[in-house]
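Structure assessment
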Amino acid sequence: MLKGKVAVVTGGTRGIGFATVKTYLDNGAKVVLFGSRQETVDKALKELMEENKDYPVKGMHPDLTNEEEIKKVFAEIKEEFGSLDILVNNAGISARDSLYDYKLSDFEKIMDLNVVAAFNCSKEAAKIMKEQGGGVILNTSSMVSIYGQSAGSGYPASKFAINGLTKSLARELGRDNIRVNAVAPGVTKTDMVAALPDEMIKPLIATIPLGRVGEPEDIANALLFLASDMASYVTGAILSVDGAAMS
Ligand code: NAD
């Protein structure tokens, strides 16, 4: 579905991002995965090589919040691969702090990684995509971007912002043949969720009509569809992948 395409996936070293990298590789894309540190990038690349030593994948760990560094890294990618067809803004952190104890610096940290990073990467990717005649930008939002959550308001605030960026860039960049969409996952079994004890998981699952939490591959498959030509008339969409969970 992505034969010959070049993709960048931020937060590609584990969880949803890692599953997306693997799904994209299995569907014929060349992938540059971004992580936060050299060690986690190396670990992800090693795991991929063990799966298939011929996967066309490389790893980098730029500071996503640093405009100049992102400019440089996207210029390097263009130089090396000649094009950039897909960007997945997936790196993200969450928080559960109560408003009364919420430090401004922590609120800003969430906004920086979850929103500013997506802005920086989208800007540099869009320049390349416009020049080559089109491309796809995808964002990982969250079900909390629809319902909010009862603590850690910075996280849903950042995901509401991501939805705003998605819908606005879809309108702004449509004329340049750049599609912009988001997936909004429900609770997904990444490391953090997998580590939760049964007594926390069971009541959570009881609120999900499909009777299970999501797997990273469920989200990766949605990101595959949206990146592919099968979604050629889909832009500005926030696709819920949450088993119809209600907050
Ligand atoms: P994860 O913690 O398993 O992975 C997060 C990724 O982000 C990692 O690859 C990490 O390297 C990267 N990252 C973290 N801090 C970084 C930094 N400072 N600089 C660069 N990269 C950094 O998380 P996940 O559950 O796979 O989440 C991926 C995305 O999905 C996030 O945007 C998250 O908000 C969203 N999401 C997750 C769930 C869930 O239940 N897991 C639900 C809804 C939305």
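Look a little higher up for the structure.
First, a word on what this report is: a plain description of the structure on this page. (Residues numbered from 1 in each chain as written. Predicted model: local features only at pLDDT ≥ 70, side-chain atom pairs only at ≥ 80, totals over all residues. Heavy atoms only, no water.)

Remarks on the overall build of the protein chain
- What the protein chain contains, in helices and strands, is 9 helices and 7 strands.
- For a compact globule of 247 residues, the expected C-alpha radius of gyration is about 18 Å, and the protein chain comes in at 17 Å, within 12% of that figure.
- In terms of principal-axis extent, the alpha carbons of the protein chain reach across some 50 × 35 × 35 Å.
- Among the 247 residues that make up the protein chain, the fraction classed as buried is 48%.
- By sequence separation, contacts in the protein chain at least 24 residues apart represent 74% of the contacts at least 6 residues apart.
- Carbon and sulfur atoms make up 54% of the accessible area of the protein chain, which totals about 12400 Å².
- In the protein chain, the 27 positive side-chain charges and the 32 negative ones have mean positions that sit 4 Å from each other. (Helix = DSSP H or I, 4+ residues; strand = E, 2+ residues; numbered from the N terminus. Rg over C-alpha atoms; globule rule 2.2 N^0.38 Å. Buried < 20%, exposed > 50% of the residue type's maximum accessible area, 1.4 Å probe, protein only. Contact = heavy atoms within 4.5 Å. Areas by Shrake-Rupley, 256 points an atom, 1.4 Å probe, with all protein chains shown as cover. Lys, Arg positive; Asp, Glu negative; His and termini not counted. Charge placed at Lys NZ, Arg CZ, Asp CG, Glu CD.)

Section: the pairing of strand E3 (residues 57-60)
- Direction of pairing for strand E2 (residues 30-34) relative to E3: parallel, over a ladder of 4 bridges. Following the sheet pairing, Leu 33 is matched in E3 by Gly 59.
- In this fold, E2 hands off to helix H2 (residues 38-51), which returns the chain to E3; that crossover is right-handed. (Pairing = 2+ DSSP bridges. Right-handed = clockwise from strand over helix to strand, strands pointing away.)

Some remarks on helix H6 (residues 154-173)
- Here H6 is 20 residues long and its end C-alpha atoms lie 27 Å apart, about the 28 Å a rise of 1.5 Å per residue gives.
- Among all positions in H6, only Gly 154, Tyr 155, Pro 156, Ser 158, Lys 159, Ile 162, Asn 163, Leu 165, Thr 166, Leu 169, Ala 170 and Leu 173 are buried.
- Contacts from the buried residues of H6 go to helix H4 (104-132), strand E5 (135-140), helix H5 (144-147), strand E6 (178-185) and strand E7 (238-241). (Expected span 1.5 Å × (residues − 1).)

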